[in-house]
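Chain by chain, the residues:
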Protein chains: 2
Amino acid sequence: MYRTHNCGELRMEHVGQTVTLSGWVQGSRDKGFMMWIDLRDRYGITQLFFNENSTDADLFTKARTLGREYVVKVTGKVLERSSKTNKIETGDIEIEVSELEILNESLTPPFTIADDSDGGDDLRMKYRYLDIRRNPVKNKLMFRSKMAVETRKYLSDQNFCEVETPFLIKSTPEGARDFVVPSRMNAGQFYALPQSPQTFKQLLMVGGMDRYFQIVKCFRDEDLRSDRQPEFTQIDCEMAFVTQEEILQTFEGLTKYLFKTILGKELSDFPRMSYDKAMKLYGSDKPDTRFDMTFVELNDIAQGKGFGVFDSAELVVGINAKGQAGEYSNKDIKNLTAWLQRPQIGAKGLVYVKFEENGSIKSSVGKFFSDDDLKVWGEKMGAEKGDMLLILSGETDKVRSQLNDLRLEMGDRMGLKDPNQYNPLWVVDFPLLEWDEDSNRFHAMHHPFTAPKKEDVANMLNGDHETMKALRADAYDLVLNGSEIGGGSIRIHDRTLQAKNFKLLGFTEEEAQEQFGFLMGAFEYGAPPHGGIAFGFDRLCAVMNGETSIRDFIAFPKNNQGRDVMIDGPAKISQEQLNELFLQSTAPTETES
Amino acid sequence: MYRTHNCGELRMEHVGQTVTLSGWVQGSRDKGFMMWIDLRDRYGITQLFFNENSTDADLFTKARTLGREYVVKVTGKVLERSSKTNKIETGDIEIEVSELEILNESLTPPFTIADDSDGGDDLRMKYRYLDIRRNPVKNKLMFRSKMAVETRKYLSDQNFCEVETPFLIKSTPEGARDFVVPSRMNAGQFYALPQSPQTFKQLLMVGGMDRYFQIVKCFRDEDLRSDRQPEFTQIDCEMAFVTQEEILQTFEGLTKYLFKTILGKELSDFPRMSYDKAMKLYGSDKPDTRFDMTFVELNDIAQGKGFGVFDSAELVVGINAKGQAGEYSNKDIKNLTAWLQRPQIGAKGLVYVKFEENGSIKSSVGKFFSDDDLKVWGEKMGAEKGDMLLILSGETDKVRSQLNDLRLEMGDRMGLKDPNQYNPLWVVDFPLLEWDEDSNRFHAMHHPFTAPKKEDVANMLNGDHETMKALRADAYDLVLNGSEIGGGSIRIHDRTLQAKNFKLLGFTEEEAQEQFGFLMGAFEYGAPPHGGIAFGFDRLCAVMNGETSIRDFIAFPKNNQGRDVMIDGPAKISQEQLNELFLQSTAPTETES
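Everything in this summary refers to the structure shown in the same document.

Rules and cut-offs
Residues numbered from 1 in each chain as written. Chains lettered and ligands numbered in written order. Predicted model: local features only at pLDDT ≥ 70, side-chain atom pairs only at ≥ 80, totals over all residues. Heavy atoms only, no water. Helix = DSSP H or I, 4+ residues; strand = E, 2+ residues; numbered from the N terminus. Buried < 20%, exposed > 50% of the residue type's maximum accessible area, 1.4 Å probe, protein only. Contact = heavy atoms within 4.5 Å. Areas by Shrake-Rupley, 256 points an atom, 1.4 Å probe, with all protein chains shown as cover. Lys, Arg positive; Asp, Glu negative; His and termini not counted. Charge placed at Lys NZ, Arg CZ, Asp CG, Glu CD. Least-squares fit on C-alpha atoms with pLDDT ≥ 70 in both. Pairing = 2+ DSSP bridges. Axes fitted to C-alpha atoms, helices over the stretch in contact; angles between N-to-C directions. Left-handed = near helix turned anticlockwise from the far one by under 90°. Nonpolar A, V, L, I, M, F, W, Y, C, P; charged D, E, K, R; others polar. Buried area = accessible area lost by both parts, 1.4 Å probe. Salt bridge = Lys/Arg side-chain N within 4 Å of Asp/Glu carboxyl O. Polar contact = N/O pair within 3.5 Å; in protein donor to acceptor, adjacent residues only side chain to side chain. Disulfide = S-S within 2.5 Å. Arc of directions from axis to C-beta. Phe/Tyr/Trp six-rings, centres within 6.5 Å; stacked < 30°, edge-to-face > 60°. Lys NZ or Arg CZ within 6 Å of the ring centre and 35° of its normal. Patch = residues over 30% accessible without salt bridge, like charges linked within 9 Å, V, L, I, M, F, W, Y side chains within 5 Å.

Moving on: the overall build of chain A. The number of helices and strands found in chain A is 18 helices and 23 strands. Counting only C-alpha atoms, chain A reaches 95 × 75 × 60 Å along its principal axes. Relative to its full complement of 593 residues, chain A shows a buried share of 58%. Considering only intrachain contacts with a sequence separation of at least 6, the fraction spanning at least 24 residues in chain A is 66%. By element, 45% of the accessible surface of chain A is carried by carbon and sulfur atoms, the whole surface being about 24,800 Å². Averaging the locations of the 73 positively and 93 negatively charged side chains of chain A gives two centres separated by 3 Å.

On to the relation of the copies chain B and chain A. You can overlay chain B on chain A at an RMSD of 0.2 Å; the transform is a turn of 180° with a shift of 0.0 Å along its axis. Taken together, the turn and the small shift mark the pair as related by a two-fold rotation axis. Of the interface residues in chain B, 100% have counterparts in chain A that sit at the interface too, so the contact is made through matching surfaces.

Here we come to the sheet that holds strand β12 (residues 296–297) of chain A. Residue and element names in this part refer to chain A. In spatial order, the strands read β12-β13-β16-β14-β15; together these five strands make up an open sheet with antiparallel pairing. Edge positions in the sheet fall to β12 and β15 (361–363), since each has one partner strand and no second. Sheet analysis places β12 next to strand β13 (residues 315–321), joined by two bridges and oriented antiparallel. Within β13, the residue paired with Val296 across the bridge is Gly318. Helix-sheet contacts for helix α11 (residues 371–380) involve β12, β14 (351–355), β15 and β16 (388–394), and the interaxial angle to β14 is about 90°.

Attention shifts here to the packing of helix α4 (residues 135–157) of chain A against helix α17 (residues 537–544) of chain A. All names here are of chain A. Where α4 meets α17, the axes come as close as 10 Å, and the angle between the chain directions of the two elements is 115°. As α4 packs across α17, the resulting crossing turns out to be right-handed. In this structure, α4 uses Phe143, Arg144, Met147 and Ala148 to contact α17, whose residues at the interface are Phe537, Asp538, Leu540, Cys541 and Met544. Considering only residue class, the contact of α4 with α17 consists of seven nonpolar, no polar and two charged.

With 122 residues of chain B at the contact, the number on the chain A side is 122 residues. Taken together, both faces of the contact between chain B and chain A bury some 10,700 Å²; the carbon and sulfur share is 60%. On the chain B side of the interface with chain A, the three residues burying the most area are Glu164, Phe241 and Tyr525 of chain B, jointly 8% of the side's total. Counting every contact that joins chain B to chain A gives 12 salt bridges. We note a salt bridge from Asp223 of chain B to Arg184 of chain A, for which the minimum N-O separation is 3.3 Å. If you tally residues by element for the side of chain B that touches chain A, the top one is helix α4 (residues 135–157) of chain B, at eight residues. Of the residues belonging to the side of chain B that touches chain A, the class tally is 64 nonpolar, 29 polar and 29 charged. Looking at chain direction, strand β23 (residues 583–585) of chain A and strand β23 (residues 583–585) of chain B are connected through three bridges and run antiparallel. Each bridged residue has a counterpart across the sheet, and for Gln584 of chain A the counterpart in β23 of chain B is Gln584 of chain B.

Residues and elements named next belong to chain A. Extensive coverage of strand β21 (residues 483–490) is indicated by the burial of six of its eight residues. Inspection of the sheet shows strand β20 (residues 475–480) paired to β21 by six bridges, in the antiparallel sense. Within the sheet, the bridge partner assigned to Val479 lies in β21 and is Glu484. Counted between consecutive antiparallel strands, the loop separating β20 from β21 contains two residues, among which Asn481 sits at a positive phi close to 50°. The pairing of β21 with strand β22 (residues 530–536) spans five bridges and is classified as antiparallel. Across the sheet, Gly486 pairs through a bridge with Phe535, a residue of β22.

Before going further, it helps to spend a moment on the pattern of salt bridges. Following the criterion strictly, the structure yields 94 salt bridges over all chains and no others. When the shortest N-O distance is used, the salt bridge between Lys453 of chain A and Asp474 of chain A registers 2.7 Å. Here the residue Lys453 of chain A occupies a position in the loop between β19 (441–444) and α13 (457–462), and Asp474 of chain A occupies one in the loop between α14 (465–470) and β20, the gap between them amounting to 21 residues. Notably, a salt bridge pairs Glu238 of chain B with Arg491 of chain B, separated by 2.7 Å at the nearest N-O pair. In this pair, Glu238 of chain B sits in strand β10 (residues 231–240) while Arg491 of chain B sits in the loop between β21 (483–490) and α15 (495–504), placing the two residues 253 residues apart along the sequence. Among the residues examined, Glu238 of chain B registers a relative accessible area of 0% and is labelled buried. Shared partners join several salt bridges into a network, and the residues in it are Asp121, Arg124, Arg128, Asp131, Arg134 and Asp552 of chain A.

Before going further, it helps to spend a moment on the pairing of β16 of chain A. Residue and element names in this part refer to chain A. With seven of seven residues buried, β16 is to be regarded as a mostly interior element. The alternating pattern of β16 places Met388, Leu390, Leu392 and Gly394 on one face and Leu389, Ile391 and Ser393 on the opposite face, and all of these are buried. Pairing of β13 with β16 involves seven bridges; the strand directions are antiparallel. Each bridged residue has a counterpart across the sheet, and for Asn320 the counterpart in β16 is Leu389.

Turning our attention to the sheet that holds strand β12 (residues 296–297) of chain B. By way of backbone hydrogen bonds, the strands of a sheet pair with one another, either parallel or antiparallel. Residues and elements named next belong to chain B. The strand order across the open sheet built from five strands is β12-β13-β16-β14-β15, with neighbouring strands paired in antiparallel fashion. Each edge of the open sheet carries a strand with a single partner, namely β12 and β15 (361–363). As paired elements, strand β14 (residues 351–355) and β15 share three bridges and run antiparallel to each other. Each residue of the ladder has a partner; that of Phe355, found in β15, is Ile361. Sheet contacts for helix α12 (residues 396–413): β12, β13 (315–321) and β16 (388–394); angle to β13, the most-contacted strand, approximately 10°.

Here the focus is the environment of Thr75 of chain A. Residues and elements named next belong to chain A. Looking at where Thr75 falls in the secondary structure, it is placed in strand β4 (residues 71–80). Not counting chain neighbours up to four residues away, the residues in contact with Thr75 comprise Thr18, Val19, Thr20, Glu96, Val97, Ser98 and Glu99. A polar atom in the side chain of Thr75 sits 2.9 Å from the side chain of Thr20.

So, about the state of the cysteines. Covalently bonding the sulfur atom of one cysteine to the sulfur atom of another cysteine gives a disulfide. This model, assessed by the stated rule, comprises zero disulfides over all chains. Left without a disulfide partner, Cys237 of chain A is nearest to the cysteine sulfur of Cys218 of chain A, which lies 12 Å away. Cys237 of chain A sits in the buried class, given a relative accessible area of 0%. Cysteine Cys541 of chain A is unpaired, with the sulfur of Cys161 of chain B as its nearest cysteine sulfur at 11 Å. Residue class for Cys541 of chain A comes out buried when judged on its relative accessible area of 0%.

For the rest of this paragraph, the subject is helix α11 (residues 371–380) of chain B. Residue and element names in this part refer to chain B. Among all positions in α11, only Asp373, Leu374, Trp377 and Gly378 are buried. Burial along α11 is one-sided: seen end-on, the buried residues are contained in an arc of 140°. Seen from the open side of α11, the exposed residues pointing more than 90 degrees away from its buried face are Asp372 and Glu379. Gly382 sits one or two positions beyond α11 and adopts a positive phi of about 65°.

What follows deals with the side chain of Asn104 of chain B. By secondary structure assignment, the location of Asn104 of chain B is in strand β5 (residues 93–104). At 2.8 Å, the side chain of Asn104 of chain B forms a polar contact with the backbone oxygen of Ala527 of chain A.

Moving on to the packing of aromatic side chains. All names here are of chain A. This model, assessed by the stated rule, comprises 57 aromatic pairs over all chains. Centre to centre, the rings of Phe369 and Trp377 are 4.8 Å apart; their planes meet at 65°, and the pair counts as edge-to-face. The burial state of Phe369 is the same as that of Trp377; both residues are buried. In this structure, Arg407 packs its charged tip against the face of Phe291, placed 4.0 Å from the ring centre.

Our focus in this paragraph is a negative patch on the surface. On the surface, Glu509, Glu510, Glu511 and Glu514 of chain A cluster together into a negatively charged patch. Looking at where Glu514 of chain A falls in the secondary structure, it is placed in helix α16 (residues 509–522).

This brings us to the side chain of His530 of chain A. Residue and element names in this part refer to chain A. In this fold, His530 is placed in strand β22. Judged by its relative accessible area of 0%, His530 is buried. In terms of polar contacts, His530 uses its side chain to reach the side chain of Gln202, at 3.0 Å. Apart from residues no more than four positions distant in its own chain, His530 is found in contact with Gln202, Met205, Glu238, Met239, Ala240, Val242, Ile490, Arg491, Ile492, His493 and Phe523.

All quantities given are derived from atomic positions and should not be read as evidence of function.
Put into structure tokens, the structure is as follows:
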């Protein structure tokens, strides 16, 4: 037996007992005649004590050889410490060691196993098994595990049944790019890894499972960023005989439950906002509502005054940066403008209006507008002395997106994003379809299985092109502090409507049948009304911790090239494997050097 | 709102209430002036009642149009039934319907949605979404869900932390064949889908996670049988600072907990048997111990009497089929012999000895052995009047395997496999390595990460070839009624020993480093002693239900060609997809007809 207790559990009540502990050497202090070693495991740290007077000489010598991260097993008596500490939970006691066994040695780790590591990202990822020993990473993995436990508890209590859906499915070109898996037994054919269990959970509803959930890995072969991974985890849910309202209530309930149980925070009822309003007020379907600074449209008062940039713009819109007039020099404004003009944002320019504390007004468009004109703007935008208006103009979609970036940036600069504040928001009434000018076709705003609102069904079946643009769906996103943490919709459960949707999305009848014939077939055998939602589990964990990167909530994440640098994968496979799969590589051959 | 209650919850206490239900039409009985419809959902069946006198005429007409599996929403008053039934939980009440909405129609299902379906396997799989509506399938999926809930509860309570390990890893030629996933971002390279999270869970132990578990999908590209699927689910566990004894106790505890909580059965402490003993007594490392009929070796008394077949055999071994002497005519024996000689088993012949009720002895080898000789066999094998000895001979491994097949067959024929009896067994002390004559090399008996027993470590590092064959491991299987439901081992946590093991298994140093360098590297940074176990979750569910096939415990299983016949996958992918992945298909082109 390696231990009678773990390194986090000994207290005053254990004083006098003989115990055995195993763990890692966190560090030691050697005072010559006395030595202390901190022994660490997942549960905590316990102080070991060696005393020249009472400790066996060989044992003392052996203890001196222990390096950082050595794995040891010790037996000894629990003593009350002379100088207690409340920095660790076992701070009242220490162990006077009488037996010491080295279970394994350790090379010096490439970075220190401490809360603030000196290891860079690359090193941490290569030695992820050491990184996980650090509290911040370990705690995030434990947090995630607890989130999964509580999610399952809440949903099970609500009659949701967890059903595993298959990972080896069929590739469908709609949506993101699939990872595919060549089949050995079916020459020339491929499985695909699921981007989500969407069709299977719908079939479970057709199958009468009524309430389904799954915490499940999904896969997308997309180019990566810090908050994207090729494999990610969803809390995936579906309900039959359900309205949008019941879904929102159920999953608002889940979210509140997780916040209360895990963070001890009570959330108030979640506000709701239509997609149109979110776009108009925030230029985004995932607004960070921890701060206001909402958009004010100025077309009616800023156009027709001879300023060509505005006059030719589809939209003139601004935000009021409260109290910032004195904070921004001409140079600061210039830098901010340059920031907006970077290709990532692509604004053409920035118009500012400063309402100075002394009552004067300064603006980059003072030549075109009188102080009285600018005062009208200020009134509409709620400006007071000291405020600064930031105004963009151009094509509606683009300028909203640009002003959204600017608003979020100003929120950061002005310290308006309180990391301890959680502002959830349901964004509802999404359009069903989105017209894409580039490809000259409709895209599904949520996904191809989303139903139009009941009142829009007739329009969808019979309407013209412009009607289609106006169709609304019972689709909804749950947004938290500007991150989309969940999204879903009421689904189509009728073959005719589903066929029409595929047609609108540019599928030929043959393509629709080949790819989704099984689903449309299922709709002919008594498919119930149904709908659902999926939460991005990695992101939910990150957002609840006030973090933007999801990587440390994943035990073994991949880098931006989709590589696991620890195992050094992906890797080449043998020619025999390729042959068995009826494949030949066309990758450029590396020249060996 | 589609319902105020589900179809399984209304009782006498609800009588008089107006309720709304939604569900599927299970069937109807039309008596002309009165009609009853059974409405079904996941939770049960509720009887709907229509009465010509009290029901609106249009409603009555509409109700008559409802076909099987139509989806309807009804509102009505809960009445006490005149003739109650206890066949369904809602048998005390019925609903007098006042409103009826058809939510969706249904074609006539290709098989009846009933406990005993008239659908064959192929049809059931193609329309799996209808098959799932049937109670036997639905209940198995719910059973599985409950098993997962209770497994997680037990392990969480024992401080196990569920950690998700990656699905996109690296291919390793050891073990079964990998499914691979071509990487678009790393030309010419492939991920592999994990056959198990083995190395990752070991790295989590190196990382100090202490106790890990995961209910996780695993993948093996092997030829399929009814109890094998290309994707299957494991309860995967690992513990640090642990001995074999603690692992056995922990997971015997889990198994007992699942039986008690889910089946209401108390299991006694699990017996243990060494691998050697299991092979000697049962010819199998997964003996069905619900019945005895253990092997008795007869070399000492059956050889040297002039019967060449026995004299030249490495092993002469038999079982005593109690009370079967009178049951087997010469023709029956001939058929049994033919059954044994099929290529699947490959026995050369069968020797029988019948101890007839009248005291006479009949045997196929009466020419070679006197009645006195045969009585000595009978004594050794505990034969009484009416018993029949069945004896095989030949090379030890083969003959044991053949006699195991025969013993299991006789167990079936004699009705000795009580489906309500559960006999768990730990098989322990497995050999570390297995010599394979064909490939002239060692194979890992469990897997390449299994440690030799402590007392065998020195032998492993320094011994000769014969010594290697005798190495024993702290490896263990949990067997239940003849099925292996779990297996595991104490792992190597030392680089030198791991390198030696790879060498014994035929890896060059370069291959070992390329494939498992990350693991051996991790062993140099303070790897703790650790070990674990994995349960086959699909099989555990099946065995606990007394079933041999795992298919109905999987929502969407694949057939023996690895196909999902419902979605018709795998399928071809586009040339564009292949190009992006740097691949070309070499599959024979189908001729279109």
